[in-house]
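Residue-level listing of the chains:
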Amino acid sequence: MTVPRCANVHLNHRLPLSEDPALAMAFSVARRASAVPLLLVNGTYRKTVRAYLDSSILQYQLQRLNDHTTLKGLDFVGSRPFWIDRARDRWITSYMFSGKNIGFIANVNASRLLELMTGAHANSRSTLEVPIFWFIHGGPLLVDKHLQAKALSDMVIVVQSDQSFLESPLQCNGKSLLLDLRRPIKPAMAAVSEHLAGLLPLPISYSQAHESAIEDWTWSVGCNPLSMTSQGWHISQFQRDTIARSYIITALEESIQSVNSAIHLLLTEQTTEKSYKPFATQERDLVNKHKSVVSLWKRISTLTGQVQYGDAMRFLNTLEDATKIFVEEVNNTVAVLHPIHCTKDRKIHVEFDMSTIPAFIIVLGVLYLVLKPRRSKPKIN
């Protein structure tokens, strides 16, 4: 599943269910049994009882265990997982649960692992931690009746059994296709590919007429994990290109959404005479940083259109940094403008009413008549 400019590091954590009662209870609650009809090669049906794990219930139980820190103790070096994609910084953690003795497997130097996990993009928005829960059981066990692995919204569930093979509901060339229960590598790879890059099984396609997913077995060919009629588990170059396109589109969409949100934040700010000068000091930096992001959009789009996915993915981390710098610059500009908007100018407004002038004249006349000095009358003898 590696794309250009990727590094692989594998770490596995393994513990028996008997040592963790909460985890064993989650496994027991999600375990189900159901009668499944099986169509044979000769056209007849046969009923078979299959044990399986309900993925929705198991997902809920594992999420509860994670909230109560039952699974957090399994994390290694700051809870970073085992698969590292430098181009998109995607991480995967693998947990293995069985009834056997606990074991830990690592095939990478610890100092190199720490260096990769504490890099500049270890906590970036493009970092994705994908837990893979790999359950090993003695008897035949599936996921949701027919699957060996399933990709969920926040994890991947894989089951492994000691039984060698099990008939599947599919047939090819007059023979039933068998599921290799001891080595579920192929379904695990398909599930992880679906979780990371949205790769679907080859028979699944989209019908524009029905506006829904349909099954078309015409192109279900090739020796790869997504082909249900073959045993190969190596990702083809065509599928690697699909993964790269998925990474590129995701990075562009996240960058465009962040930039648009920052611009919308600027649009909500009120423009006043006093805020002009502070904004003018930030305007040049804002424009330059926005131009750098737009130029990266155009460059990545051009390289993708030329099918140069490796060169396009080189700029994904640069695009993320440029987007982050632009958003920070917008936040700093808004912080500079806020004290100006919050300052209130206190002014005294005196309203002058023309109807009060006659009243003032009358009052002044009365006061004059009352307070004017009286003339003394001369005495005449």
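All values derive from a computational prediction rather than experimental measurement.

**Q** Which residues make up the overall build of the chain, and what are the values?
**A** Counting its secondary structure elements, the chain contains nine helices and 15 strands. Within the chain, buried positions represent 38% of all 381 residues. Residue pairs in contact within the chain that sit at least 24 positions apart in sequence constitute 70% of those at least 6 positions apart. When the accessible surface of the chain is summed, it comes to about 23,300 Å², and 56% of that surface belongs to carbon and sulfur atoms.

**Q** Describe the sheet that holds strand β9 (residues 142-143), and please don't skip the residues or the numbers.
**A** One open sheet holds the three strands; their spatial order is β3-β4-β9, and the pairing between them is mixed. Where the open sheet ends on each side, the last strands, each with one partner, are β3 (31-39) and β9. Of the pairings in the sheet, the one linking strand β4 (residues 45-53) to β9 comprises two bridges and is parallel in character. Bridge pairing in β9 places L53 opposite V143. Sheet strands touched by helix α1 (residues 21-30): β3 and β4. Its angle to β3, the strand with the most contacts, is close to 35°.

**Q** Let's hear about helix α9 (residues 357-371): which residues, and what values?
**A** Here α9 contains 15 residues, and its C-alpha end-to-end distance of 21 Å stays within 8% of the 21 Å for a straight helix at 1.5 Å per residue. The buried fraction of α9 amounts to zero of the 15 residues, a small share that puts the element mostly on the outside.

**Q** Please set out the pairing of strand β14 (residues 204-207) residue by residue, giving values where relevant.
**A** Two strands pair when backbone bridges link them, and β14 and strand β15 (residues 212-215) are joined in this way by four bridges, in the antiparallel orientation. What sits directly across from S205, in β15, is I214. In this antiparallel pair of consecutive strands, β14 and β15, the connection spans four residues, and E211 shows a positive phi of 55°.

**Q** With reference to specific residues and values, describe the nonpolar core.
**A** Membership of the largest hydrophobic core comes to 40 residues, with the highest contact counts inside it found for V156, I248 and I300. Secondary-structure elements contributing two or more residues to this core are β8 (128-137), β10 (149-151), β11 (156-161), α4 (185-197), α5 (237-267), α6 (276-305), α7 (309-313) and α8 (316-342). No other element matches the eight residues that α5 contributes to this core. Excluding anything up to four places from it in sequence, I248 contacts I300, T304, Y309, A312, M313 and L316. Counting residues in each nonpolar core, the second largest holds 18 residues, with L17, A26, L53 and L62 among its members.

**Q** Account for a nonpolar patch on the surface, naming residues and giving values.
**A** Together, I362, V363, L364, V366, L367, Y368, L369, V370 and L371 make up an exposed nonpolar region whose accessible area comes to about 980 Å². Tracing the backbone shows L367 in helix α9. Overall, L367 belongs to the partly exposed group, its relative accessible area being 44%.

**Q** Before we move on, can you summarise the environment of T272 with the specific residues and values?
**A** Within the secondary structure, T272 is located in the loop between α5 and α6. Judged by relative accessible area, T272 falls into the partly exposed class, the value being 36%. Put simply, T272 and L337 are 65 residues apart on the chain and 9.9 Å apart in space, counted from C-alpha to C-alpha.

Conventions adopted
- Residues numbered from 1 in each chain as written.
- Predicted model: local features only at pLDDT ≥ 70, side-chain atom pairs only at ≥ 80, totals over all residues.
- Heavy atoms only, no water.
- Helix = DSSP H or I, 4+ residues; strand = E, 2+ residues; numbered from the N terminus.
- Buried < 20%, exposed > 50% of the residue type's maximum accessible area, 1.4 Å probe, protein only.
- Contact = heavy atoms within 4.5 Å.
- Areas by Shrake-Rupley, 256 points an atom, 1.4 Å probe, with all protein chains shown as cover.
- Pairing = 2+ DSSP bridges.
- Axes fitted to C-alpha atoms, helices over the stretch in contact; angles between N-to-C directions.
- Expected span 1.5 Å × (residues − 1).
- Core = buried A, V, L, I, M, F, W, Y, C linked by side-chain atoms within 4.5 Å.
- Patch = residues over 30% accessible without salt bridge, like charges linked within 9 Å, V, L, I, M, F, W, Y side chains within 5 Å.
- Salt bridge = Lys/Arg side-chain N within 4 Å of Asp/Glu carboxyl O.

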